[in-house]
Each structure stands twice: as structure tokens, then as C-alpha cells.
Amino acid sequence: MWRTVRLWFDPDEVRSVGTTPDYRFSLANERTFLAWMRTALALIGGGLAVAQFLPHHRLRVAIAVSLLALGGLVAIRSVDHWARSEKAMRQNEALPPSRFPAILAIVITVGAAVLLIATLV
């Protein structure tokens with residue numbers, strides 16, 4: 001676990017393995033990371049909006065906390081995916097598979113349905 005977290009904060013650790021890939025792949029990996037970070041920020045912003053604008057009841061708190069927590073999870077997952085992908089490219093391996101986009105899509109869809117119901121009720 002510590003080794004994984006260390007990859008997130010120490011670019012030299014990522015660069016210490018394998019060979020340098022084509023810079024375009026590294027930049028594409030970074031753009032993907034930034035897209036995930038925008039998603040995390042949007043979820044956090046959505047959580048704050050729900051906390052401010054939904055009527056006062058328990059559902060509001062549950063939705064707001066869920067969105068805020070999901071935003072934090074997406075941020076952590078994005079840096080982990082960036083580091084694992086960069087390491088795989090340097091070692092000329094297949095990029096690591098991820099179920100996270102599908103899980104995130106399902107969670108957001110369920111969350112949107114709950115928000116729709118909460119807004120209409």
C-alpha cells in the first residue's frame with residue numbers, strides 16, 4: 001500500500017522503472033488524469049449545491065455527503081490510475097484495466113434518479 005501511495009507523490013519513483021515512453025502517451029495520460037479531476041470537482045460542487053439548495057431533510061444530507069465522498073474517491077482513484085498507467089507504459093505492458101468508469105456511471109445514474117425524486121417530492 002505504501003509503495004502505491006509513494007508512486008502518487010514521487011515522480012522519480014514512477015520514472016525509475018522501464019524506459020521513457022513517447023511523450024505524447026504521457027501527455028495523454030496526464031490529460032485523462034485532469035479529466036478525472038474535473039469530474040471529482042464537479043461531484044464536489046454538486047454536493048455543495050445539494051447541501052445549499054435542496055429542502056431541509058435527511059435525504060439532502062445523504063445526497064450531499066455521498067456526492068462529496070464520491071468526489072474525493074474519484075480524485076484518489078484518478079491519481080492511482082495515472083501512476084499505474086504511467087508505470088505500465090514505461091514497462092511496455094498493457095495498460096491496467098479499470099472497472100471504475102462503469103461503477104462511477106452506475107453510481108451517478110442512481111444518484112441522478114434519487115436527486116430527481118427528491119426534487120419532485
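Heads up: these notes are all about the structure in this document. (Residues numbered from 1 in each chain as written. Predicted model: local features only at pLDDT ≥ 70, side-chain atom pairs only at ≥ 80, totals over all residues. Heavy atoms only, no water.)

## Digging into helix α5 (residues 100–120)
In this model α5 runs 30 Å from its N-terminal to its C-terminal C-alpha over 21 residues, within 8% of the 30 Å that 1.5 Å per residue would give. Among the residues of α5, Phe100, Leu104 and Ala118 are the ones counted as buried. When α5 is viewed along its axis, its buried side chains cluster within an angular range of 50 degrees and face the same direction. Turned more than 90 degrees off the buried face of α5, the exposed positions are Ile106, Thr109, Leu116, Ile117 and Leu120. Buried residues along α5 sit in contact with α3 (23–53) and α4 (58–90). (Helix = DSSP H or I, 4+ residues; strand = E, 2+ residues; numbered from the N terminus. Expected span 1.5 Å × (residues − 1). Buried < 20%, exposed > 50% of the residue type's maximum accessible area, 1.4 Å probe, protein only. Arc of directions from axis to C-beta. Contact = heavy atoms within 4.5 Å.)

## What about α3?
Look at α3: 44 Å from first C-alpha to last across 31 residues, which is about the 45 Å you get at 1.5 Å a residue. Three or more residues of α3 are buried, namely Ser26, Asn29, Trp36, Ala40, Leu43, Gly47 and Val50. Contact partners of the buried residues in α3: α4 and α5.

## Quick word on the side chain of His81
With respect to the helices and strands, the residue His81 is situated in helix α4. For His81, a relative accessible area of 19% corresponds to the buried category. Residues in contact with His81, not counting those within four places in the same chain, are Pro96 and Ser98.

## Some remarks on the side chain of Ser26
Here Ser26 shows up in helix α3. For Ser26, a relative accessible area of 18% translates into the label buried. Polar side-chain contacts of Ser26 include one of 2.7 Å to the side chain of Glu86. With residues up to four places along the chain from it excluded, the contact list for Ser26 reads Pro21, Glu86 and Met89. (Polar contact = N/O pair within 3.5 Å; in protein donor to acceptor, adjacent residues only side chain to side chain.)

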